[in-house]
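# Examining the three-dimensional arrangement
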Amino acid sequence: EKILEVNHVKKHFKMGRNQVVKAVDNISFDVYKGETLGLVGESGCGKSTIGRTIIRLYDTTDGEIRFKGESTRNLKGKDLKKFNREMQMIFQDPYASLNPRMTVADIIAEGLDIHGLAQGEERRQKVTELLKTVGLNEEHADRFPHEFSGGQRQRIGIARALAVDPEFIIADEPISALDVSIQAQVVNLMKKLQREKGLTYLFIAHDLSMVKYISDRIGVMYLGNLVELADSQELYDHPLHPYTEALLSAVPIPDPDVEKERERIILKGDVPSPINPPSGCRFRTRCPKVMDICAKETPKWQEVKPMHWVACHLYQEESLKKEEGNKNK
Ligand code: SF4
Ligand code: MG
């Protein structure tokens, strides 16, 4: 059952007088109820932008986003309030996303206050319950964010998101700022909460190591485009897009024998600017398998195996025929 549909969404930002940053450029994917969809890519690939566009912190420049079957663009009044409750966000930096002058209780209860869901003793009880749910306790309620460690602060951020009983949580690099030893704890907490509450997650991350552990499916972004999307195991075992192959080759493997055998794919150059992205395939300036057609035509976003999507000319018969034809000329 689809809970979220992202159809041909673009988010462009005007910069200066006549420059446009194409942060997100024609992205389509669905999220199913109760799953975790991981979204990975280097910084600047547009993954945070798509997250913020989905939760309506940004308007779409083009395309459509549907949540539970309804377009989110024109939500108003009661429907908008409901949407603002049902979809919540957890941020990357627990330090910056918690108001330093508010007590933990007031931070967690913010959504309850906004939506008029609980007051007085009931509010207090709800806060205590939420603190326990995320592995903290009642004594923490009247303290301030600076008194907590990074991992604890992220737990507070999670409690704040949970307060209004959301269905869908966008987690924008929720563990990137945490020590490696703490990352697994926060991910395990998120997994437990998902099982208990039937939550759906969009989990944004910049590398593929932790994301596999939490995600049912993974989408890979590059320079404003979604380039591959598949079941997590399938993506790890049979990556199709050359960019995914390169990202995966950088994920450490615990087994030293396998690690030794492996070839790391080092990409040349830097990610080009989203103001003036390369023509055709945006990855072509760094792609080890680039062909002539890659500069001329934008590869289509295609389901090349059941539930395995990729945008690359290597998997499009028509493109390969054209490429062959050009070579023989
Ligand atoms: Fe590489 Fe061409 Fe595929 Fe782009 S379309 S990833 S440049 S082979
Ligand atoms: Mg980001």
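Residues numbered from 1 in each chain as written. Chains lettered and ligands numbered in written order. Predicted model: local features only at pLDDT ≥ 70, side-chain atom pairs only at ≥ 80, totals over all residues.

### Topic: helix α6 (residues 120-133)
- In this model, α6 (14 residues) spans 20 Å end to end at C-alpha, consistent with the 20 Å of a helix rising 1.5 Å per residue.
- Buried residues of α6: Val127, Leu130 and Leu131, and no others. Down the axis of α6, the buried set is contained in an arc of 100°. They therefore lie on one face. Structural note: α6 exposes Glu121, Glu122, Gln125 and Lys132 on the side pointing more than 90 degrees away from its buried face.
- Buried-residue contacts for α6 involve α4 (104-108) and α7 (150-162).
- Residue Gly135 follows α6 closely and has a positive phi angle near 85°. (Helix = DSSP H or I, 4+ residues; strand = E, 2+ residues; numbered from the N terminus. Expected span 1.5 Å × (residues − 1). Buried ≥ 20, exposed ≤ 12 C-beta atoms within 10 Å, placed from the backbone. Arc of directions from axis to C-beta. Contact = placed C-beta atoms within 7 Å.)

### Focus: the nonpolar core
- Counting 77 residues, the largest nonpolar core has Ile108, Ala159, Phe203 and Val227 as its most contacted members.
- Sequence-distant contacts of Ile108, defined by excluding residues within four places in its chain, comprise Val127, Leu130, Ile156, Ala159, Arg160 and Ala163. (Core = buried A, V, L, I, M, F, W, Y, C linked by C-beta atoms within 7 Å.)

### Description of the site of ligand 1
- By nearness alone, 14 residues border ligand 1, and Cys281, Arg284, Cys287, Cys294 and Cys312 come closest of all.
- Here the shell around ligand 1 is composed, by residue class, of ten nonpolar, two polar and two charged. (Near = placed C-beta within 6 Å. Nonpolar A, V, L, I, M, F, W, Y, C, P; charged D, E, K, R; others polar.)

### Remarks on the UniProt feature "domain: ABC transporter" (unreviewed entry) in the protein
- Listed under "domain: ABC transporter" (unreviewed entry) in the UniProt record, and renumbered for this structure, are residues 4-248.
- Note that residues 4-248 is 40% helix and 27% strand, and that its end C-alpha atoms are spaced 27 Å apart. (UniProt positions renumbered as here; feature names shortened; annotations may be inferred.)

### Considering the environment of Glu323
- If you trace the backbone, Glu323 turns up in helix α14 (residues 317-328).
- You can call Glu323 partly exposed: it has 17 C-beta atoms within 10 Å.
- Excluding residues within four positions of it along the chain, Glu323 makes contact with Met291, Asp292 and Ile293.

### Re the pairing of strand β3 (residues 36-40)
- Within β3, five of the five residues are buried, leaving the element largely enclosed by the surrounding structure.
- On β3, burial covers both faces: Thr36, Gly38 and Val40 on one face and Leu37 and Leu39 on the other are all buried.
- Relative to strand β9 (residues 217-222), β3 runs parallel, the two being bridged by four bridges. Note that in β9 the partner of Leu39 across the bridge is Gly219. (Pairing = 2+ DSSP bridges.)

### Remarks on the confidence of the model for the protein
- Chain-level statistics for the protein give a pLDDT mean of 93 and a share of 99% at 70 or above.
- Predicted complex, confidence summary: ipTM 0.97, pTM 0.94. (pLDDT = per-residue confidence, 0-100.)

### Some remarks on unusual backbone geometry
- Even without being a glycine, Lys68 presents a positive backbone phi close to 50°.
- Following the sequence through the fold, Lys68 ends up in the loop between β4 (62-67) and β5 (70-71).
- The exposure class assigned to Lys68 is partly exposed, which follows from the 17 C-beta atoms found within 10 Å.
- The phi torsion at Met307 lies on the positive side, around 65°, for a residue other than glycine.
- Within the fold, Met307 resides in the loop between β11 (302-305) and β12 (308-310).

### Some words on the sheet that holds strand β2 (residues 19-32)
- The antiparallel open sheet is built from four strands, whose spatial order is β2-β1-β4-β5. Of all strands in the sheet, those bounded by a partner on one side alone are β2 and β5.
- Pairing between strand β1 (residues 2-15) and β2: eleven bridges, direction antiparallel. By the bridge assignment for β2, His12 is matched with Lys22.
- The strands touched by helix α1 (residues 47-54) are β1, β2 and β4; relative to β1, the strand with the most contacts, the crossing angle is about 115°. (Axes fitted to C-alpha atoms, helices over the stretch in contact; angles between N-to-C directions.)

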